[in-house]
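Listed below, chain by chain, are the residues.
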Amino acid sequence: MTEAAIMQALSQVQEPDLGKDLVTLNMVKDVQINGDQVSFTVVLTTPACPMKDMMRSACENAIRLLVNKAAKVQVNFTAQTTTGRKGDQQMLAGVKNIIAVVSGKGGVGKSTVSANLALALAEGGAKVGLMDADIYGPSVPIMFGVRGERPLMREVNGKGMIVPLDKLGIRLMSIGLLVDEKNAVVWRGPMASSAIRQFVTEVDWGELDYLIIDMPPGTGDIHLTLMQTVPVTGVVIVTTPQLVALADAKKAIAMFGQAQINVPVIGLVENMAYFTPAELPDNKYYLFGKEGGMNLASEYELPFLGQVPLVQSIREGGDAGVPAMAGHDTISKQAFREITAQAVRNIARRNASMPATKPVSVQA
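Residues numbered from 1 in each chain as written. Predicted model: local features only at pLDDT ≥ 70, side-chain atom pairs only at ≥ 80, totals over all residues. Heavy atoms only, no water.

Participant: If you had to explain the overall build of the chain to someone new, which residues and values would you point to?
Facilitator: Summing up its helical and strand segments, the chain has 10 helices and 13 strands in all. A compact globule built from 364 residues should have a C-alpha radius of gyration of about 21 Å, and the chain, at 22 Å, falls within 12% of that. With respect to the principal axes defined by its C-alpha atoms, the chain has extents near 70 × 60 × 40 Å. Here the chain, with 364 residues, has 51% of them falling under the buried criterion. Within the chain, contacts between residues separated by at least 24 positions form 74% of all contacts whose residues are at least 6 apart in sequence. (Helix = DSSP H or I, 4+ residues; strand = E, 2+ residues; numbered from the N terminus. Rg over C-alpha atoms; globule rule 2.2 N^0.38 Å. Buried < 20%, exposed > 50% of the residue type's maximum accessible area, 1.4 Å probe, protein only. Contact = heavy atoms within 4.5 Å.)

Participant: Describe in detail the packing of aromatic side chains, supporting the description with residues and values.
Facilitator: Evaluation of the coordinates by the stated rule reveals 2 aromatic pairs. Consider the rings of Tyr274 and Tyr286, whose centres lie 6.0 Å apart with planes at 65°: the pair is edge-to-face. Remark: Tyr286 occurs in the loop between strand S12 (265-270) and helix H8 (292-299) and Tyr274 occurs in the loop between S12 and H8; sequence separation between them is 12 residues. Judged by relative accessible area, which is 12%, Tyr274 ranks as buried. Taking relative accessible area as the criterion, Tyr286 reaches 32% and is therefore assigned partly exposed. Where Phe275 meets Tyr285, the ring centres are 6.4 Å apart and the plane angle is 40°; that geometry is what we call tilted. Placement of the pair is Phe275 in the loop between S12 and H8 and Tyr285 in the loop between S12 and H8, with a sequence separation of 10 residues. Look at Phe275 and you get partly exposed, because its relative accessible area is 28%. Directly above the ring of Tyr274 sits Lys284, whose terminal nitrogen or CZ lies 4.5 Å from the centroid. (Phe/Tyr/Trp six-rings, centres within 6.5 Å; stacked < 30°, edge-to-face > 60°. Lys NZ or Arg CZ within 6 Å of the ring centre and 35° of its normal.)

Participant: I'd love a proper account of the nonpolar core, names of residues and values included.
Facilitator: Soluble, globular proteins show a tendency: their nonpolar side chains are buried together. Within the largest apolar cluster, 45 residues are counted, with the highest numbers of intra-cluster contacts made by Trp205, Met227, Val232 and Val235. When residues in this core are grouped by element, the largest group, 6 residues, is from helix H7 (residues 243-257). Apart from residues no more than four positions distant in its own chain, Trp205 is found in contact with Leu92, Val95, Gly129, Leu130, Met131, Pro164, Arg171, Leu172, Met173, Phe199 and Leu211. Judged by nonpolar contacts, the second largest core, of 40 residues, contains Ala115, Leu121, Ile170 and Val269. (Core = buried A, V, L, I, M, F, W, Y, C linked by side-chain atoms within 4.5 Å.)

Participant: Please provide a residue-by-residue account of the side chain of Thr276, values included.
Facilitator: With respect to the helices and strands, the residue Thr276 is situated in the loop between S12 and H8. Side-chain polar atoms of Thr276 contact the backbone oxygen of Asn283, separated by 3.2 Å. Among all residues touching Thr276, those that are not within four sequence positions of it are Pro281, Asn283, Lys284, Leu310 and Ile331. (Polar contact = N/O pair within 3.5 Å; in protein donor to acceptor, adjacent residues only side chain to side chain.)

Participant: Give me the lowdown on the packing of H7 against H8, citing residues and values where you can.
Facilitator: Their axes nearest at 11 Å, the elements H7 and H8 cross at an angle of 35°. Between H7 and H8 lies a crossing whose hand is right-handed. Between H7 and H8, the contacting residues are Leu246, Ala249, Lys250 and Ile253 on the first element and Gly292, Gly293, Leu296 and Glu299 on the second. (Axes fitted to C-alpha atoms, helices over the stretch in contact; angles between N-to-C directions. Left-handed = near helix turned anticlockwise from the far one by under 90°.)

Participant: Outline the pairing of strand S7 (residues 159-163), listing residues and values.
Facilitator: Consecutive side chains of a regular strand alternate in pointing toward one face of the sheet and then the other. For strand S6 (residues 152-156) and S7, the ladder comprises 5 bridges, and the chain directions are antiparallel. Of the residues in S7, the one forming a bridge with Glu155 is Gly160. Here S6 folds back onto S7 in antiparallel fashion, the turn holding 2 residues, of which Asn157 has a positive phi close to 55°. (Pairing = 2+ DSSP bridges.)

Shown next as structure tokens:
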């Protein structure tokens, strides 16, 4: 076996999301050969890549088929998370991908999806932050069990910066960590927008593969402020199946598709898709209508990330400060893992095929 023969064999292995082979994409490093033993490292597009096992098998098969059928192949993985950002951008410079989780309507489960998306990404080995941008109704402190905790400050390059809380491996920031939860945040739009800018400019997020932003409902000030302040990689849209939620989700789709905004949609999640009782795990009851989110994604030709069932443990975990991905319910965990896997693949495709993202210029 020679390194040239190994590389030739691996040039037949396609990266499933980018549509080119591993050698052309310069993803194969450190080839070591010792008799019938060969090892090398494949550089993935994200630590949370859901296709590791498939790529390992494809590499092993290619070498045994094309080079040496008796080869003992060891495939190692490392990751260089892809980004759709330009290298000269200073705002959140250490964050490779900024993902906003949005909907047109409140109560459809944006915070639940945001929290569990963040945890599923971290489970795959990614560095993840979660920003709660819902100034008037922050949910993250409750969902992560950090009510009453306060973030610390530290000096970074001569400037005082807020240090996000670290819980379950996720860096967290929310207005709910800065104000008493018994008090309402009675602010006009410009003050709320100013708080979001502070969460970007005065919080030390550090190096992150993904910053998930749990957006407020609607299509207003905070959404525009965020997109004018930072380069958003893409948005995940959350809806429930009933017509009222779908009608508002269409407004969110329309907002991000406007020419002056034009932020890519990573995909659509249908939350509360069906009810499954714990004692009847094979039964599905479509309380809010059937496959409304799936049909909406098809109508607008958007990627459909998947369905989240209406499971009692999801609600109980969120209320108890233990999101579903940190709990024991396998049904909800599996749903969020599949949604996250699809989202990760779509983000990699977006970064490979679309122009570098930049803050939008909106006159409004």
